[in-house]
Amino acid sequence: MLKPSLGCSTRSICLVLAFLSLALHLLLALFCLSVLQTSCVLPPSSSSSSSIPGTDADHRQLISHFSSASSSASSSHKLSTPPQNGEHHKMEANPLDRKGKASFNDVTEREKEATGAKMGGKLIQKVIGHSKLEALFNHPLYNLPQSELQEDDWLLRVRSNEGAGSEEEEREDSSAKDPEWQSVSQEDGYDKANWTSNVKTHPLWLRFHLGISRWGLYNRKDPNLAQLTHYLATQRFLSVVQKTGGTQLKLLMSFPNYGQALLKPMKQSRDAETDFNLFYFSDFERHNAEISAFHLDRLLGFHRIPPVVGRLINVTTEIREITTDRRLSKTFFTSPVGNTCFYGQCEYYCSTEHPLCGRPHVLEVSLAAMLPDLTLAPRRSWRSPWRRSYSRTKLAQWEKDPAYCDTVKQTPPYNHGTRLVDLIDMAVLDFLMGNMDRHHYETFEKFGNETFLLHLDNGRAFGRHSRDEPSILAPLRQCCRIRHSTLLRLRLLSHPGLRLSDVMRESLAQDPLQGVAPLLSEPHLSALDRRLATVLQVVRTCQDHHDDVNYDDMEGYYQQPE
């Protein structure tokens, strides 16, 4: 009798424990469900920032960063700032077909929505995070004291009204008093030119020209530059023609305020890497390379590339319908899938086999601010001592002679002044972006040999990210000479807190095309860091064998990067 009694007691205890366990699991499940439901319910708010899940501390941090960014907008060191609200929509709406075409409008509306979403995400990320770009430009190396520029250090100056003929003045006065009078330029669609010695009356492109000095194309802190890039990205075109010269198609775009810009179209995907079997002189020119080169030149503190900005254009209404170039107009056609295409006339890649096509009308392009006309500011073209042979079989002299730089150092203008280290600056820039197509460079004739080198025509840069081209660094490796300020900035950009790839990514985010897709892929950005390390290693090797590697251009204000 004892064993059956014990068996019944054991079964009762097991059943009780099972019921308790089941009840506890049910309670735990109900508790978890209530917690999940509560965390998914967000308080209603009209602000977009409140839709981001996070703690109150995160929200306060977001508001704090946004407020500080807004309050410092007028004094920002950035060249171009993404337009806000209405301006942003205006910028994106500009390339659209204002005349109608339902299919084109549908496509561009979808692109605008996607662009807005991407730009919004990037803006939130930038506001929340720390701006390495601002930290870089606030560093003492980017704010070195500059000597006061003299009158002959400016490329152009506004001519005073003194000495103007009385007959001309009377004619201008009488025309101003006539309310029915219009200049011929107005009748042709140009804005009425009423410029005086007051800089506020000058169009933005003229302010840019008047800001060119002996030592650079622009001052990074000049607020007019942000306005200039915004103008290039948004304002309507008045006319378009092909630009003569060069191996690939370039267009000269004219604006109603008499300004002009050089257009380079998108020819291939940004992720497409140049075929390793192609020679450097057979490569495509890339619109995103021109944009990225301008940003990289600015990050290095050179300021030797004219401002460049990306833009979406309508090839039908903004090229075909306004061009006065018959050679260009007759190359337009409609592709089998209904896209509007053209190819123009040039030495390379201007044929029906290499068309430039919209989707169906929209095309990405780069627009570079034009330099002053050669009649006002003549430029001299110099053959680079390290020019490549541009032959499939021959090597240039510098490729065969390791001591080639000894000859260059004895040859004017490289035997005195800063010309040699200016050329090495250009070689460093070209190596970082993989540009092997630097056969010539230009300077402004007015300044003689005491001036900077213009870093023009960078369309063949950023073609390969998986392979570096060490021969581009031949000037540095053979001469073992580099500007001290350049070396310090390169070291600064190698620090993790101000890594070159990070500040380049942030700088490119300011361009309007960044909302469509990144202007440089991540492999290209990583290649910048890798190549920067190579440059610094070459300098260290030079310093191990030479005592005069640094060209001291920082007398009296040496600043070691932090």
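Residues numbered from 1 in each chain as written. Predicted model: local features only at pLDDT ≥ 70, side-chain atom pairs only at ≥ 80, totals over all residues. Heavy atoms only, no water.

Can you walk me through the packing of aromatic side chains in this structure?
Aromatic ring pairs: the centre-centre distance and the angle between the two ring planes describe each pair. Inspection of every chain in the model, using the stated rule, returns 15 aromatic pairs. Ring plane angle 5° and centroid distance 6.4 Å describe the contact between Trp 382 and Tyr 441, whose orientation is recorded as stacked. Residue Trp 382 is located in strand 9 (residues 379-383), and its partner Tyr 441 is located in strand 10 (residues 440-444); the two are separated by 59 residues in the primary sequence. For the pair Trp 382 and Tyr 441, one class covers both residues: buried. Ring centres 6.3 Å apart and planes at 65° place the aromatic pair Phe 444 and Phe 452 in the edge-to-face group. For the pair Phe 444 and Phe 452, a shared accessibility class is recorded, and that class is buried. Every member of this aromatic cluster is reached through a ring pair, and the members are Tyr 190, Trp 195, Trp 205 and Tyr 258. Positioned above the aromatic ring of Trp 382 is the side chain of Arg 419, whose terminal nitrogen or guanidinium carbon lies 4.5 Å from the ring centre. (Phe/Tyr/Trp six-rings, centres within 6.5 Å; stacked < 30°, edge-to-face > 60°. Helix = DSSP H or I, 4+ residues; strand = E, 2+ residues; numbered from the N terminus. Buried < 20%, exposed > 50% of the residue type's maximum accessible area, 1.4 Å probe, protein only. Lys NZ or Arg CZ within 6 Å of the ring centre and 35° of its normal.)

Can you help me understand helix 15 (residues 419-433) in this one?
The α-helix winds at 3.6 residues per turn, so residues separated by three or four positions along the chain end up facing the same way. Between the first and last C-alpha of helix 15 there are 22 Å, a value that for 15 residues agrees with the 21 Å anticipated at 1.5 Å per step. One or two positions beyond helix 15, positive phi appears at Gly 434, with a value near 70°. (Expected span 1.5 Å × (residues − 1).)

In this structure, what is going on with the sheet that holds strand 2 (residues 251-254)? I would like to understand it.
Each strand in a sheet pairs with its neighbour through backbone hydrogen bonds, running either in the same direction (parallel) or in the opposite one (antiparallel). Within the open sheet, the five strands sit side by side as 1-2-3-8-4. Their pairing is antiparallel. Since the sheet does not close on itself, it has two edges, and those belong to strand 1 (239-242) and strand 4 (308-314), each with one partner. Neighbour-to-neighbour, the strand axes of the sheet open up by a mean angle of 35°, direction not taken into account. (Pairing = 2+ DSSP bridges. Axes fitted to C-alpha atoms, helices over the stretch in contact; angles between N-to-C directions.)

Just to check I follow, could you spell out the sheet that holds strand 6 (residues 340-342) for this structure?
A sheet is described by the order of its strands in space; here three strands give the open sequence 5-6-7, paired in antiparallel fashion. At either end of the open sheet lies a strand with only one pairing partner, and these are strand 5 (333-334) and strand 7 (356-357). One ladder, built from two bridges, connects strand 5 with strand 6; its direction is antiparallel. The residue bridging Phe 333 from the neighbouring strand is Cys 341, located in strand 6.

It is not clear to me how the nonpolar core should be interpreted in this structure. Could you clarify?
Soluble globular proteins: nonpolar side chains tend toward being buried together. Leu 296, Phe 342, Trp 386 and Phe 444 are the most contacted members of the largest nonpolar core, which has 113 residues in total. Top element by residues in this core is helix 15. It accounts for nine residues. (Core = buried A, V, L, I, M, F, W, Y, C linked by side-chain atoms within 4.5 Å.)

Before we go on, may I ask you to explain the pattern of salt bridges in this structure?
Evaluated as defined, the whole model comprises 21 salt bridges. We note a salt bridge from Asp 502 to Lys 132, for which the minimum N-O separation is 2.6 Å. One end of the pair, Asp 502, is in helix 18 (residues 500-508); the other, Lys 132, is in helix 5 (residues 132-138), and 370 residues separate them in sequence. Residue classification places Asp 502 among the buried residues on the basis of a relative accessible area of 17%. (Salt bridge = Lys/Arg side-chain N within 4 Å of Asp/Glu carboxyl O.)

I'm lost on unusual backbone geometry in this one. Help?
Generally, phi is negative for residues other than glycine and the peptide bonds are trans, each holding for most cases. In this structure, the amide linkage connecting Arg 359 to the following residue, Pro 360, adopts the cis form with an omega of -15°. The residue Pro 360 is located in the loop between strand 7 and strand 8 (362-369) in this model. Cis geometry is adopted by the peptide bond preceding Pro 413, which originates at Pro 412 and carries an omega value of 0°. Within the secondary structure layout, Pro 413 lies in the loop between helix 14 (404-409) and helix 15. Phi is positive for Tyr 349, close to 60°, though the residue is something other than glycine. Relative to the elements of secondary structure, Tyr 349 occurs in the loop between strand 6 and strand 7. By relative accessible area, which is 23% here, Tyr 349 ends up partly exposed. One non-glycine residue with positive phi stands out, namely Cys 480, at about 50°. Residue position: Cys 480 is located in the loop between helix 16 (474-479) and strand 11 (482-483). The buried category is assigned to Cys 480, whose relative accessible area is 8%.

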